[in-house]
Each structure stands twice: as structure tokens, then as C-alpha cells.
Amino acid sequence: AIKNGADIEQACGFLDWKEFEKIATIAFETNNYSICKNFHFKHREKAWEIDILGFKEPIILSVDCKHWHYNMTQSRIVKVVNTQIERTWNLAEALPNLAEKLKIAHWKQAILVPVILSLSLGTLKLYKETPIVSILQLRDFLNELLAHVPSLAHHTVDMTKTNC
């Protein structure tokens, strides 16, 4: 549909959540990010899952895909962002022990950034310094990311240390 001139946001509205995650994965790969979908890990005796991890040394984007068809309420966005920050910070703590599994053992440092990726444009673009990016904005966001990391929520991990 998009190749035939359909609006990408409108076309994505017909996708289910799995297809939306697939489109997101393709967008990351097109922008030279390695990806890991539906990443599961355990930390602090709790199981965690992150929809998409996007890797481009030294950046790791921890992405929660939200197939929202309309603007979500502020309270729902607050909950989603807080949960994604918690997932990302737990991943940051566990990361040195997951480096081999994620194929980043050669990295000296990793900078983890929580991101909410949504189907549609919303009024809120940032909450707690965590970007809320629509699929339409993803390419620009990825292209400009390095310049904005210092002002975004992020956690830097020294990958030369392991927590055995």
C-alpha cells in the first residue's frame, strides 16, 4: 500500500501489533541498527521483556512499541514511560552479564536510552526525558539521536566490568 502512495500512518493503522513491530524492526535495520526483538532477561529475581533493542555502538535503544490508534491519556502515557524506564534501568544493571548473548562483548561502553514507539503522532513527545516517537518520526529521530542523548533519559554502562 505504501509503495502505491498510501499514507504510512494510515497504512500502519491496519497492522496488528506484531506487524507494527515488524515495520519498526525494518525501520531500525534500514537505519543501520542491529536489532533484537522480544528480548527476555532475568534480573533481581524478576523476568523482563523489551519489545525491540536497537544497537548501534555505543547506543542501545530500549523500545516499547505501542500500537496506539489514537492519543492516549496522560495517565496511561505516564505509566507506560515509567515502566519502560524501569525495564531499561534493569537491563543496564544486567547488561555486562548479557553482553555475549547480545553480541556486544567487544563494546567498551553502552548508552541505553528508553524509547516509546507509537503508531500515531501524539501531543506529548517527551516525558521524564524519555522520547515518545511516532513511526513517522522514527527515521529523523534515529538520524538526530546522538546529538540529543545528553538531554534524554539514558544510562551509561562500563562494559569492561562484569558482575559475576
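Starting afresh in each chain, residues are numbered from 1 along the sequence in its written order. Note on the predicted model: pLDDT of at least 70 is required for a residue's local features to be given, and 80 or more for side-chain atom pairs to be given and counted; whole-chain, interface and lining totals, by contrast, use all residues. Each side-chain value is worked out from all heavy atoms of the structure, with water and hydrogens disregarded.

Caption draft 1: Expanded view of the overall build of the chain. Elements are defined by DSSP. Helices are runs of H or I of four residues or more, strands are runs of E of two residues or more, and each kind is numbered from the N terminus. Helices and strands together make up the secondary structure of the chain, namely four helices and seven strands. Buried, partly exposed and exposed residues are distinguished by accessible area as a fraction of the type maximum, computed with a 1.4 Å probe on protein chains only: under 20%, between the cut-offs, and over 50%, respectively. The 164 residues of the chain split such that 45% are buried. Pairs of residues are marked as contacts when any of their non-hydrogen atoms sit within 4.5 Å. The contacts of the chain with a sequence gap of at least 6 include a subset with a gap of at least 24, amounting to 65%. In these tables, accessible area is a Shrake-Rupley quantity obtained with a 1.4 Å probe, and a residue counts as shielded only by the protein chains included in the view. Looking at the chain as shown, the accessible area adds up to about 9,100 Å², and 52% of this sits on carbon and sulfur atoms.

Caption draft 2: The arrangement of the packing of aromatic side chains in detail. Note on ring pairs: Phe, Tyr and Trp rings are taken, using the six-membered ring of Trp, and paired if centres are within 6.5 Å. Classes follow the plane angle, with under 30 degrees stacked, over 60 edge-to-face and the rest tilted. As enumerated under the stated definition, the model contains four aromatic pairs in all. Ring plane angle 80° and centroid distance 5.8 Å describe the contact between Phe28 and Tyr33, whose orientation is recorded as edge-to-face. The same class applies to Phe28 and to Tyr33, which are both buried. On the basis of an interplanar angle of 20° and a centroid distance of 6.5 Å, the ring pair of Phe41 and Trp48 is categorised as stacked. Relative accessible area serves as the criterion here: at 5%, Phe41 is assigned to the buried category. The buried category is assigned to Trp48, whose relative accessible area is 8%. Following the ring pairs from residue to residue traces out a cluster consisting of Phe39, Phe41 and Trp48. Sitting over the ring of Trp48, Lys46 keeps its end group 4.4 Å from the ring centre. A positively charged side chain is recorded as over a ring if its NZ (Lys) or CZ (Arg) lies within 6 Å of the ring centre. The angle to the ring normal must also be within 35 degrees.

Caption draft 3: Examining the nonpolar core more closely. As used here, the term nonpolar core means buried Ala, Val, Leu, Ile, Met, Phe, Trp, Tyr and Cys residues forming a set that is joined through side-chain atoms within 4.5 Å. Phe28, Leu61, Val63, Leu117, Leu138, Phe141 and Leu145 are the most contacted members of the largest nonpolar core, which totals 22 residues. Residue assignment for this core shows that the elements contributing at least two residues are helix H2 (17-30), strand S3 (59-66), strand S4 (109-118) and helix H4 (138-148). Setting aside chain neighbours within four positions, we find Leu145 in contact with Tyr33, Ile59, Leu61 and Leu152. Within the second largest apolar cluster, 20 residues are counted, among which are Phe55, Ile60, Ala94 and Met159.

Caption draft 4: Molecular detail of the pairing of S3. Counting buried residues along S3, eight of its eight residues qualify, which places the element largely inside the surrounding structure. Taking every second residue as pointing to the same face, both faces of S3 are buried, with Ile59, Leu61, Val63 and Cys65 on one and Ile60, Ser62, Asp64 and Lys66 on the other. Two strands pair under a simple rule: DSSP has to find at least two bridges between them. One ladder, built from five bridges, connects strand S2 (residues 46-56) with S3; its direction is antiparallel. Paired with Leu53 across the strands is Ser62, a residue of S3. Between S2 and S3, which follow one another and run antiparallel, lie two residues.

Caption draft 5: Summary view of unusual backbone geometry. The omega torsion across Glu57 and Pro58 is 5°, close enough to zero to call that bond cis. Mapped onto the elements, Pro58 comes out in the loop between S2 and S3. We note that Glu129 has phi near 60°; this positive angle belongs to a residue other than glycine. Owing to a relative accessible area of 44%, Glu129 belongs among the partly exposed residues under this scheme.

Caption draft 6: Geometry of the side chain of Asp51. Note that Asp51 resides in strand S2. The charge count treats Lys and Arg as positive and Asp and Glu as negative. His and the chain ends do not count. The term salt bridge refers to a side-chain nitrogen of Lys or Arg lying within 4 Å of a carboxyl oxygen of Asp or Glu. Of the side chains with opposite charge, Lys66 lies nearest to the buried Asp51, which makes no salt bridge, at 5.8 Å. Polar contact is the term for a pair of N or O atoms within 3.5 Å; when the atoms are in protein, one must be able to donate a hydrogen and the other to accept it, and sequence-neighboring residues count only if both atoms are side-chain atoms. Among the polar contacts made by the side chain of Asp51, one reaches the main-chain amide nitrogen of Cys65 at a distance of 2.8 Å. In contact with Asp51, other than residues within four places in its own chain, are Glu21, Cys36, Lys37, Asn38, Val63, Asp64 and Cys65.

Caption draft 7: A look at helix H3 (residues 74-102). Compared with an ideal rise of 1.5 Å per residue, which puts 29 residues at 42 Å, H3 spans 34 Å between its outermost C-alpha atoms and falls more than 12% short. Lys103 sits one or two positions beyond H3 and adopts a positive phi of about 60°. A helix's residues, less one, multiplied by 1.5 Å, set its expected span.

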